[in-house]
Amino acid sequence: MQNTNCNVQHSTTHRDRDYIPLSDHGLIGNLHTAALVSLDGSVESYCVPDFDSPSIFARILDKDKGGHFSISPHTEFNSKQNYLPSSNVLQTKFLNEKGVVNVIDYLPRNPSGETSTPFLFWLIRRIEVVRGTVPLRMECAPAFDYARAKHTTSIIPDDTQAGPTQQKVLFESEKLKLDLRFVAESTMEDVPPPTVELKYLDLTSKGHLGPAAYCDLDLHEGQVVTFVLRTPPPPSEAQKLVPTLERAGNLGVTMERLTASASKLRDFEDPFLTKELLAKLLKLTNTYWNSWIRRSLYQGSWKEAVHRSALALKLLIYEPTGAVVASPTFSLPEFIGGTRNWDYRASWIRDSSFTLYALIRLGYTYEANAYMEFIFERLKDKNPDGSLQIMYTIHGGKDLEEIELTHLDGHKGSKPVRIGNGAADHLQLDIYGELLDCIYLGQKYGKPLSYDTWVAVRELVDYVVKNYKEPDLSIWEVRNKKRHFTYSKIMLWVAMDRGLRLADKRSLPCPNRNAWIAARDDLYEEIMHKAWNPELQIFGQSYEETHILDSSVLVMPLVFFMQPSDPRFVSTLKHILRTPDRGGLTSNNLVYRYDVTKSDDGVGGEEGTFCLCTLWCVEALTRAGAYDKLLLQRAVAMFEDFLLYTNHLGLCTEEVSESGESLGNAVQGFTHVTLISAAYNLSRTMGQLK
C-alpha cells in the first residue's frame, strides 16, 4: 500500500531553493492541461491552455528562471500532501509549533450535466490557517513560452471583483496574458478578513525576462486567501457576437438586445470573483472527481492503488479530442545528469491503446469511445503507404518537431531540455498490434464498428500483412538502426490475430482472410525459430541479437501469443528475474528494459529500472503462477514492493533508480496502465486459486 502523505522539513530560504525530487509532486488537471505542485507548495510545471502549449511555469526544469507560483511559510515547517478522498483536488499542509495552514490546489471542473457554471481556465490556490498564526509568502513568477518570451507586469485595480476595490496583477507577453486575482475572507465571525498587498518582484538576476509579483501574509486562524491565476479561454460566444454588434449599428433596432445578450454571456464566461463562487467551484470540482471514480467496476485487491491510478489516467485525457497524452510533463530525466530527456505531451498510439485497455477493464467505456473516435479520424489521413504515425499531437496533427531549449538548465542539470519529439516519424510496427487489440477489446464493451470504419481497420491489417517481415525501431524508439525486434514481431502477430477475431465475432466481410491467416501463422513460426536462442534458452531482443535480453518479450502471454506455462517462456522469464550481475534484468525486484551496456540504442547514457517492465513482469509471473504457485508468490511480492516506489500520493514516474529515486516524466500513463492491469489479473488469479 502506498503512503497517503509525506512529511518533509523545509528551510525558510525562498530565493536559494534547490530542485525538489521528482517524486515530491502532486498532479492536478482539468482535462485540457495539468500542473505539478511540489511538497513545499510550488507550482513547478504548467502549460496553458493545453497540455502541449508552451509552459508558463517550468521550475522543475530550471530552478532559477523556469517560472513558478509558490506559496510557503517564512519559517521552518513540515509539509504533508494528500488528495481529497476519491478526488484529484490536492491538499498541501504546512505545520510547525506556531501554526498549521492548508493549501488547496485545483483546476476547476464541472460535473457532467452541470451548466450553471462555465468551464473556467483558472488555477485556484486556497490558503486557510487552521491553527495559530503562520507568516506566508506568495510569489507568482510566470516565464512565458518556455522562459523565452519577455513580458510586462502591472498591478492595477481589479474590475471584475465584487465588493471593495482591490488590486490584481496583469502579466502580458506578446502571445499570452495572465491575470492574478484574489479573494480574502474569514471563516470566523470575530476574525476579520486578512489584508493582501500585491507588490512587484524583480527576479532578473535569476534570468527572468519580466517582473514577478509577490505578497507577504500574516494569517491567523480562520483567515483565508484564495489566489486565482486566470488564462484566456477559447473564443467565447460573447466574442463571436462582436462582429454582429458592430453590424447592428446599421440595423438600428437590435443593438440594445444584442448588447444585453453579450453582457449576459460575459457575466457567465467571466463571472465576478466572490467567495461564494469559489466555494461552488471547489464543491463542483470535487463532486466531478468523486462521481467519476464511483463509476469504477473494480472490486479486486489493492483497490486504493488501482483507483488512484485510474484518477491519474483520467488527468491525461484531452477532452476536446479524446486524445491521451503519455505524460503531462516534458524532458524530465531518465537518469540524473543524463541525456534521455523526452517530451511526452503527445498521444502515442501505443500508450493510448494500453490506457484505454485499462480504463475499459474498470468500466470506463465513454473514454474508450472518445479515443476510438480520435483514432478513427486519423485513419482518414493515413500516410501515402497506408501507415499511421506512431504518435500525433493532442489535436490530431502530425508535426512534432523536436527542439532543444539550450537556455534551460534541465532538472538537476540534466541536459538537453527537449520539446517536440523526433521519434514521431519512426517506423515502429508494433503500434498496429496495440491498436488492433484496443479496438478488439472496445468492441466487447464499447460502440460497435461501422462498415466504413471496419474497411479502414481492414486496410491497416492489409498493411501489416505486407510489412510484417520489415525491420523497425520498435517500442523503445532506438535512434540508430532498424532491426527485427521480437516485441514488434509479437505485436504484428497480435494485429493480424485481432483483425481475424474482429471479422469472425462481428461477421464482418474479410476478402483477404486467407492471406491474413497465412501471414499470422508464418510469423508465429518465424518468431519461434529466429527470436529463440537455443543455447541461452531465451527469446532475444531481436532476430539479429538473440543473446540480448529485453523485458518487452514478457508480453507474450499477456497478449495471448504464447501460453504462460510454455517452457520457452518460463525459461525466458526466469532469466529476466536474475540480477544484472548474473545476466538478468532484475534489481531489488525492479526490472530494467535491457542492459544499456550491451544493447546499442543510439541514445547513450544510463537509465533506471523501468516501471512498465516491472509491472509486465508481475503480470507475466501471475499468468505463469496459475500453474506454479511459487511464481504467483513472487508476483505478489514484486507487486507489493513496487507499490513502495509510488510516491506519497500513489503516483508513478517512468523509472526508478537503484537508490529508489523516481526518474522520468511524471505522471507516467504507461506505468499506471500496467499497474491497473497487473492488479486486475493478480487479483483474479489469486481468487481462482483460493
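Since we're looking at a predicted model, the values are computed, not measured.

> I'm lost on the overall build of the chain in this one. Help?
Helices and strands together make up the secondary structure of the chain, namely 16 helices and 29 strands. Since a compact globule built from 690 residues should have a radius of gyration of about 26 Å, the 26 Å found for the chain is in line with a globular shape. Structurally, the chain occupies a C-alpha span of about 80 × 65 × 50 Å along its principal axes. Relative to all contacts within the chain whose residues are 6 or more apart in sequence, the contacts with residues 24 or more apart total 69%. Carbon and sulfur atoms make up 50% of the accessible area of the chain, which amounts to about 26,500 Å² in all. Seen as two clouds, the 74 positive and the 86 negative side-chain charges of the chain have centres 4 Å apart.

> Help me out: how do you make sense of the environment of Cys617 in this one?
Here Cys617 shows up in helix α14 (residues 611-625). Taking the C-alpha atoms as reference points, Cys617 and Asn589, separated by 28 residues in sequence, lie 9.7 Å from one another. If we ignore the near neighbours within four places in the chain, the residues touching Cys617 are Leu554, Leu573, Leu577, Val591 and Met638.

> Even after reading the chapter, I still don't get helix α13 (residues 567-576), so can you show me in this structure?
Since the α-helix packs 3.6 residues into each turn, any two residues three or four apart lie on the same face. With seven of ten residues buried, α13 lies mostly within the body of the structure. The complete set of buried residues in α13 reads Phe569, Val570, Ser571, Thr572, Leu573, His575 and Ile576. In this structure, the buried side of α13 is in contact with β23 (532-533), β24 (538-539), β25 (586-587), β26 (590-591) and α14. Between the side-chain oxygen of the N-cap and the backbone nitrogen of Arg568 there are 2.9 Å, and the N-cap of α13 in question is Asp566.

> So what exactly am I meant to see when it comes to the nonpolar core here?
By size, the foremost hydrophobic cluster in this structure holds 213 residues, and its most contacted members are Phe69, Phe227, Trp616 and Phe639. Among the elements that take part in this core, helix α11 (residues 486-505) stands out by supplying eleven residues, more than any other. Here this core gathers at least three residues from each of two domains, domain 1 (9-233 + 269-294) and domain 2 (316-689). Residues contacting Phe639, with those up to four places away along its chain left out, are Trp302, Leu615, Val618, Leu675, Ala678, Ala679 and Leu682. Formed by five residues, the second largest nonpolar core is a distinct cluster that contains Ala141, Leu203, Ala212 and Tyr214.

> Sorry if this is basic, but what is going on with the sheet that holds strand β29 (residues 662-663) here?
The strands that make up a sheet pair up through hydrogen bonds in the backbone, lying either parallel or antiparallel. Taking strand neighbours across the sheet as the criterion, the three strands line up as β27-β28-β29 in an open arrangement whose pairing is antiparallel. The open sheet has two edge strands, β27 (609-610) and β29, and neither has a second partner. Pairing analysis gives two bridges linking β27 to strand β28 (residues 655-656), with the strands arranged antiparallel. Across the sheet, the residue bridging to Thr609 is Val656, located in β28.

> I tried to follow the domain arrangement of the chain on my own but got confused; where do I start?
Many structure descriptions define interface size as the accessible area lost when the parts assemble. As far as domains go, the chain holds domain 1 (9-233 + 269-294) and domain 2 (316-689). For domain 1 versus domain 2, the distance between C-alpha centres works out to 36 Å. If you look at the interface, domain 1 gives 34 residues, while domain 2 gives 37 residues. When the area that domain 1 buries against domain 2 is broken down by residue, the three leading residues are Leu22, Phe51 and Leu61, summing to 26%. Across the contact surface, domain 1 and domain 2 share one salt bridge. Linking Glu319 and Arg109 is a salt bridge whose minimum nitrogen-to-oxygen distance equals 2.9 Å. Summed over the shared surface of domain 1 and domain 2, the result is 19 residue pairs in polar contact (both at pLDDT 80 or more). Elements that contribute at least two residues to the side of domain 1 that touches domain 2 include exactly β2 (25-29), β3 (34-38), β4 (42-47), β7 (77-83), α1 (144-147) and α5 (275-294). Partitioning the side of domain 1 that touches domain 2 into residue classes produces 18 nonpolar, nine polar and seven charged.

> Can you help me understand unusual backbone geometry in this one?
Leaving glycine out, the prevailing phi sign among residues is negative, and the prevailing peptide bond configuration is trans. Each neighbour pair has its own omega, and for Val48 with Pro49 the value is 0°, a cis peptide bond. Tracing the sequence through the fold places Pro49 in the loop between β4 and β5 (55-57). Located in the positive-phi region is Tyr146, a residue other than glycine, with phi close to 55°. Note on placement: Tyr146 falls in helix α1.

> For this particular structure, what's the right way to read the side chain of Ser552?
Looking at where Ser552 falls in the secondary structure, it is placed in the loop between β24 and α13. On the basis of relative accessible area, Ser552 is assigned to the buried category, the value being 3%. A distance of 2.8 Å separates the side chain of Ser552 from the side chain of Asp550, its partner in a polar contact. When neighbours within four sequence positions are excluded, Ser552 is seen to be in contact with Ile475, Trp476, Tyr487 and Trp616.

> Sorry, what's going on with the pairing of strand β8 (residues 90-96) here?
Look at any regular strand and the pattern is simple: side chains alternate between the two faces of the sheet. Bridging between β7 and β8 involves six bridges; their strand directions are antiparallel. Among the inter-strand pairings, Gln81 is bridged to a residue of β8, identified as Thr92. The loop that links β7 with its antiparallel partner β8 comprises six residues; one of these, Ser86, has a positive phi angle of about 55°. Pairing between β8 and strand β9 (residues 99-106): seven bridges, direction antiparallel. Bridge pairing in β9 places Gln91 opposite Ile104.

> Just checking my understanding: could you explain the packing of aromatic side chains for this structure?
The description of an aromatic ring pair rests on the distance of the ring centres and on the angle between the ring planes. The tally for this structure, following the rule as stated, stands at 23 aromatic pairs. The interplanar angle of 75° and the centroid separation of 5.5 Å between the aromatic rings of Tyr344 and Trp348 together place this pair among those described as edge-to-face. Take Trp348: its relative accessible area is 2%, and that puts it in the buried class. Among the aromatic residues, those joined into a ring-pair cluster are Phe354, Tyr487, Trp616 and Phe670. Its guanidinium or amino end placed over the ring of Phe69, Arg125 lies 5.2 Å from that ring's centre, counting from NZ or CZ.

> Looking at this model, I keep getting lost on the environment of Ser291. Mind explaining?
Turning to its location among the elements, Ser291 is positioned in helix α5. Owing to a relative accessible area of 30%, Ser291 belongs among the partly exposed residues under this scheme. Each C-alpha atom, one on Ser291 and one on Ser86, is 8.8 Å from the other, the two residues being 205 residues apart in sequence. A polar contact is formed between the side chain of Ser291 and the backbone oxygen of Thr287, at a distance of 2.8 Å.

Conventions and cut-offs
Residues numbered from 1 in each chain as written. Predicted model: local features only at pLDDT ≥ 70, side-chain atom pairs only at ≥ 80, totals over all residues. Heavy atoms only, no water. Helix = DSSP H or I, 4+ residues; strand = E, 2+ residues; numbered from the N terminus. Rg over C-alpha atoms; globule rule 2.2 N^0.38 Å. Contact = heavy atoms within 4.5 Å. Areas by Shrake-Rupley, 256 points an atom, 1.4 Å probe, with all protein chains shown as cover. Lys, Arg positive; Asp, Glu negative; His and termini not counted. Charge placed at Lys NZ, Arg CZ, Asp CG, Glu CD. Buried < 20%, exposed > 50% of the residue type's maximum accessible area, 1.4 Å probe, protein only. Polar contact = N/O pair within 3.5 Å; in protein donor to acceptor, adjacent residues only side chain to side chain. Core = buried A, V, L, I, M, F, W, Y, C linked by side-chain atoms within 4.5 Å. Domains from an automatic or database assignment. Pairing = 2+ DSSP bridges. Buried area = accessible area lost by both parts, 1.4 Å probe. Salt bridge = Lys/Arg side-chain N within 4 Å of Asp/Glu carboxyl O. Nonpolar A, V, L, I, M, F, W, Y, C, P; charged D, E, K, R; others polar. Phe/Tyr/Trp six-rings, centres within 6.5 Å; stacked < 30°, edge-to-face > 60°. Lys NZ or Arg CZ within 6 Å of the ring centre and 35° of its normal.

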